[in-house]
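Each chain, letter by letter, is given below.
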Amino acid sequence: MGNNGGNNLLLAYRTLGVVFGGLVTSPLYVYPSLHLKSPTEDDYLGIYSIMFWTLTLIGVVKYASIALKADDQGEGGTFALYSLLCRNLNIGILPSKCMDSNSKVSHSSGHEGAKDHSRLGKFFEKSIIARRVLLFIAMLGTCMLIGDGILTPAISVLSAMDGIRAPFPSVSKSLVEAISAAVLILLFLMQKFGTSRVSFLFSPIMGAWTITTPLVGIYSIVQHYPSIFKALSPHYIFHFFWRRGKDGWLLLGGTVLCITGSEALFADLGHFSRPSIQIAFFLTIYPSLVLTYAGQTAYLIKNPNDHDDGFYKFIPTPIYWPIFIIATSAAIVASQSLISATFSIIKQSVVLDYFPRVKVVHTSPSKEGEVYSPEINYILMILCVLVILIFGDGKDIGNAFGVVVSLVMLITTILLTLVMIMIWRTPPVLVALYFFVFFVMEGVYVSAVFTKFLEGGWIPFAISLILAFIMFGWFYGRQRKIEYELTHKISLDRLEQLLSDTGVQRVPGLCFFYTNIQDGLTPVLGHYIKNMKSLHKVTIFTTLSYLLVPKVAQHERIVVDKLGLKGVYGCVIQYGYADSLNLEGDDFVSLVTNSLQAYIQKDTDPEIEEEILDLEEARRSGVVHIRGKARFYTGKSCRWFDRIMLAFYEVLHSNCRTALPALGVPLPQRIEVGMLYEA
């Protein structure tokens, strides 16, 4: 237990550098993002009260206490919630390869999917429209969080760098933007070294920020307004809205930024562990934010017109430069939290077949969730720099940021409510209380930020819409492809008929024929035999099966079977999300043939010797790897929607990585068989 506690404390220290960057650096830009006109003492007390209760309810109650328990095999985020619902109930739309292959794996949430589903669960199972809406909500949440991964680095680094202009007024805004862009490019180029190395470098910086800002806050409280904590009473919130009316409601678009990065606390769960994230949040992050905001507010009550530079103005002059260095470093770390979350989410989406296949590299041998995607990294880098250069004004980026933050929170609330009702079977009174409090609170925030749509709020929408269209186009194409393959699959009886044709010959050699479906054989096989009039003497139909576990034990990795026809075998290669499939071609062939020989020798059939000799002879004659390359044919009878979506899918498919992982198959041994699937 002691060792485990020590590990959690070490992980908690490392979370500072990766998970909480966005959340704990929000004081840099919250007050500067508020459009305040002649604010009074009561206004500032009301704003502080709103920020305190937002942090307490959304940060402490919703995310740290409830959401972290709704993990899917240790992974967090909106897509993990959707995946959790799909695995416990029959509500997935795409018959994804990872849903059915995971029957052996226990559910991490501790709440088994009961057979007697709730009425809501039965409704989702029956209604395709409800399932599509649910998928769209999950996709939107995912895309918004990726948008967050673009905006957090932009606003954090820009706000921190703006501190140069206070002591040096001659420094132009465009120079600050150029420096910010250069810093971000450097950060993105460091990603390939992995989260572990990055977080050990970043955690001391974040620790310094988390300690120094509340200390400055305490100094400011004592110096300017010792009775600031009376604002913890919620009546200041009611009083604020009563006096300010519509203006007060519009100001929520800025105050929502105090909870920025709380979604990363959930989405980065795969990189760390639940206890470590909770320890760090309750003991350091939450108290630090409460004290820092209290100090800023105390300073602004005495200097009401300094809110446009609400962070740097409240720093005492003797420690200005040390704090500037810490703030700039902390802003870079803040960017890291959302970049890590984006990598996690892209990996989940690729694995669940909802996103085009991109390269995903596991940067840690021991932590499954630590991933890096080169393509996504460079796309994020370009978009981040563009956001800074085009929308240099922090207020515009703040408006865009508010839209993302509030919408992602609202989507998480909806999905968590469904998890509570359909999986956890939480008492209805508690579900209603949870839903009412958070849906109303976040709904009000969403309504306020949408008034800023034209002033920068459209940026994340444009990004999310493009990403959602890519996800849906990929999902739709995969769905149609699997439907076609299941409808036109080749059964073993049909294979026997094809091979009994006198015109079809069994040629020497060992063939690995890759198929996506386990219940039957790919239609490409029929197309191949009809046109080539041959099949190799030993043919192994190979399926790559992804399991929702970190690693598959070596003895379970390769599952072989006889398919009842001479020289025809089945092979399933099972792998987990941390397994590397970068085998050399000969190693892979040896592993499969050795497993097959061991399997054949268990049999009591008198023809065992002959089978093993055939297998060895086939291997000596030459090995070939055949995979289908199917394309859609859209005829005149095709609906316009199908034509557009399938044409878009073809573009995505031709530009993404192959489904066949790097098994190290030499090029001369590879054969691709083209086939047109009629849409």
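Residues numbered from 1 in each chain as written. Predicted model: local features only at pLDDT ≥ 70, side-chain atom pairs only at ≥ 80, totals over all residues. Heavy atoms only, no water.

### So, the overall build of the protein
Right, on to step 1. Looking only at helices and strands, the protein features 25 helices and eight strands.
Right, on to step 2. Relative to the globule expectation of 26 Å for 679 residues, the C-alpha radius of gyration of the protein, 28 Å, shows essentially globular dimensions.
Right, on to step 3. If one aligns the C-alpha atoms of the protein with their principal axes, the spans along those axes are about 95 × 55 × 50 Å.
Right, on to step 4. Counting over 679 residues, the protein shows a buried share of 59%.
Right, on to step 5. Of the contacts formed within the protein by residues at least 6 apart in sequence, a portion of 84% connects residues at least 24 apart.
Right, on to step 6. Surface accessibility of the protein: about 27,800 Å² in total, with carbon and sulfur atoms responsible for 62%. (Helix = DSSP H or I, 4+ residues; strand = E, 2+ residues; numbered from the N terminus. Rg over C-alpha atoms; globule rule 2.2 N^0.38 Å. Buried < 20%, exposed > 50% of the residue type's maximum accessible area, 1.4 Å probe, protein only. Contact = heavy atoms within 4.5 Å. Areas by Shrake-Rupley, 256 points an atom, 1.4 Å probe, with all protein chains shown as cover.)

### Some points on helix α24 (residues 608-621)
Right, on to step 1. Here α24 spans 20 Å end to end across 14 residues, near enough to the 20 Å set by a 1.5 Å rise per residue.
Right, on to step 2. Taken together, the buried positions of α24 are occupied by Ile608, Glu611, Ile612, Leu615 and Ala618. Along the axis of α24, the buried residues cluster in a sector spanning 125 degrees; they form a single face. Exposed residues pointing more than 90 degrees away from the buried face of α24 are listed as Glu609, Leu613 and Arg620.
Right, on to step 3. Backbone geometry just downstream of α24 places Gly622 in the positive-phi region, at approximately 130 degrees. (Expected span 1.5 Å × (residues − 1). Arc of directions from axis to C-beta.)

### Some words on the environment of Lys489
Right, on to step 1. Mapped onto the elements of the fold, Lys489 is located in the loop between α19 (458-487) and α20 (492-500).
Right, on to step 2. On the accessibility criterion, Lys489 (33% relative accessible area) is partly exposed.
Right, on to step 3. On a C-alpha basis, the gap between Lys489 and Ala160 in space is 59 Å, while along the polypeptide they are 329 residues apart.
Right, on to step 4. Not counting chain neighbours up to four residues away, the residues in contact with Lys489 comprise Ile517, Asp519, Gly520 and Leu521.

### Describing helix α4 (residues 41-66)
Right, on to step 1. Spanning 26 residues, α4 covers 35 Å between terminal C-alpha atoms, matching the ideal 38 Å at 1.5 Å per step.
Right, on to step 2. Roughly 25 degrees is the biggest bend found in α4, and it falls at Gly59.
Right, on to step 3. α4 sits mainly inside the fold: 20 of its 26 residues count as buried. (Bend = angle between axes of the 7 residues up to and from the residue.)

### Observations regarding the sheet that holds strand β6 (residues 568-575)
Right, on to step 1. Within the open sheet, the six strands sit side by side as β5-β6-β4-β3-β7-β8. Their pairing is mixed. Bordering the open sheet on either side are β5 (558-562) and β8 (670-678), each of which pairs with just one other strand. Sheet twist, expressed as the average angle between the axes of neighbouring strands with direction ignored, equals 25 degrees.
Right, on to step 2. With four bridges connecting them, strand β3 (residues 505-514) and strand β7 (residues 623-633) associate as parallel partners. When the sheet's bridge partners are listed, Cys511 is paired in β7 with Val624.
Right, on to step 3. Contacts between α19 and the sheet are confined to β7 and β8, with β8 contributing the most and set at about 90 degrees to the helix.
Right, on to step 4. Across the sheet, helix α21 (residues 523-532) is in contact with β3, β4 (534-546), β7 and β8; its angle to β8 comes to roughly 110 degrees. (Pairing = 2+ DSSP bridges. Axes fitted to C-alpha atoms, helices over the stretch in contact; angles between N-to-C directions.)

### Structural notes on the pattern of salt bridges
Right, on to step 1. Considering all chains together, one arrives at 14 salt bridges under this definition.
Right, on to step 2. The closest approach of N and O atoms between Arg165 and Asp162, which form a salt bridge, is 3.8 Å.
Right, on to step 3. Look at Asp162 and you get partly exposed, because its relative accessible area is 29%.
Right, on to step 4. Across the pair Lys566 and Glu610 runs a salt bridge, and its minimum N-O distance is 3.3 Å. One end of the pair, Lys566, is in the loop between β5 and β6; the other, Glu610, is in helix α24, with 44 residues separating them in the sequence.
Right, on to step 5. Beyond isolated ion pairs, a larger network of salt bridges with shared partners links Arg480, Glu483, Arg639 and Asp642. (Salt bridge = Lys/Arg side-chain N within 4 Å of Asp/Glu carboxyl O.)

### Quick look at unusual backbone geometry
The bulk of non-glycine residues show a negative phi, and the bulk of peptide bonds are trans.
Right, on to step 1. Of note, Ser38 is a non-glycine position whose phi angle comes to about 40 degrees, a positive value.
Right, on to step 2. What makes Ser38 exposed here is its relative accessible area of 63%.

### Description of the packing of helix α11 (residues 235-244) against helix α12 (residues 246-255)
Right, on to step 1. Remark: α11 packs on α12, axes separated minimally by 5 Å, with the N-to-C direction vectors making an angle of 120 degrees. The orientation of α11 relative to α12 falls into the category oblique. On the side of α11, the interface is formed by Phe240, Phe241 and Arg244, while α12 contributes Lys246, Asp247, Gly248, Trp249, Leu251 and Leu252.
Right, on to step 2. Split by residue class, the contact of α11 with α12 holds five nonpolar, one polar and three charged. (Parallel < 35°, antiparallel > 145°, perpendicular 65-115°, else oblique. Nonpolar A, V, L, I, M, F, W, Y, C, P; charged D, E, K, R; others polar.)

### Some details on the packing of aromatic side chains
Right, on to step 1. According to the stated counting rule, one finds 34 aromatic pairs in the structure shown.
Right, on to step 2. Arranged with centres 6.1 Å apart and planes meeting at 80 degrees, the rings of Tyr82 and Tyr354 form a pair that is edge-to-face. Here Tyr354 lies in the loop between α15 (320-351) and β1 (361-362) and Tyr82 lies in helix α5 (residues 78-88), a separation of 272 residues in the sequence.
Right, on to step 3. Residue Tyr354 is classed as buried on the basis of its relative accessible area of 0%.
Right, on to step 4. An aromatic cluster of at least three residues, connected via ring pairs, comprises Phe168, Trp209, Phe311, Tyr312, Phe314, Tyr320, Trp321 and Phe324. (Phe/Tyr/Trp six-rings, centres within 6.5 Å; stacked < 30°, edge-to-face > 60°.)

### Some details on the side chain of Ser26
Right, on to step 1. Tracing the backbone shows Ser26 in the loop between α2 (21-24) and α3 (30-33).
Right, on to step 2. You can call Ser26 buried: its relative accessible area is 0%.
Right, on to step 3. Those residues in contact with Ser26 that sit more than four places away from it in its chain are Leu257, Cys258, Leu289 and Tyr293.

### Considering the pairing of β4
Right, on to step 1. Summarising burial for β4: 12 of the 13 residues are buried, a large majority.
Right, on to step 2. With eight bridges connecting them, β3 and β4 associate as parallel partners. Each residue of the ladder has a partner; that of Cys511, found in β4, is Thr539.
Right, on to step 3. Sheet analysis places β4 next to β6, joined by eight bridges and oriented parallel. In the sheet register, Leu544 faces β6, and the bridge partner there is Ile573.

### Observations concerning the packing of helix α8 (residues 128-161) against helix α16 (residues 374-390)
Right, on to step 1. In the contact formed by α8 and α16, the axes pass within 9 Å of each other and the chain directions differ by 50 degrees. Comparing their axes, α16 and α8 come out oblique. Note on packing geometry: the crossing formed by α8 with α16 is right-handed. Note on element contacts: α16 touches α8 through Leu380, Leu383, Cys384, Val387 and Ile388, opposite Ile146, Gly149, Ile150, Leu151, Pro153, Ala154 and Leu158.
Right, on to step 2. Taken together, the residues of the contact of α8 with α16 sort by class into 11 nonpolar, one polar and no charged. (Left-handed = near helix turned anticlockwise from the far one by under 90°.)

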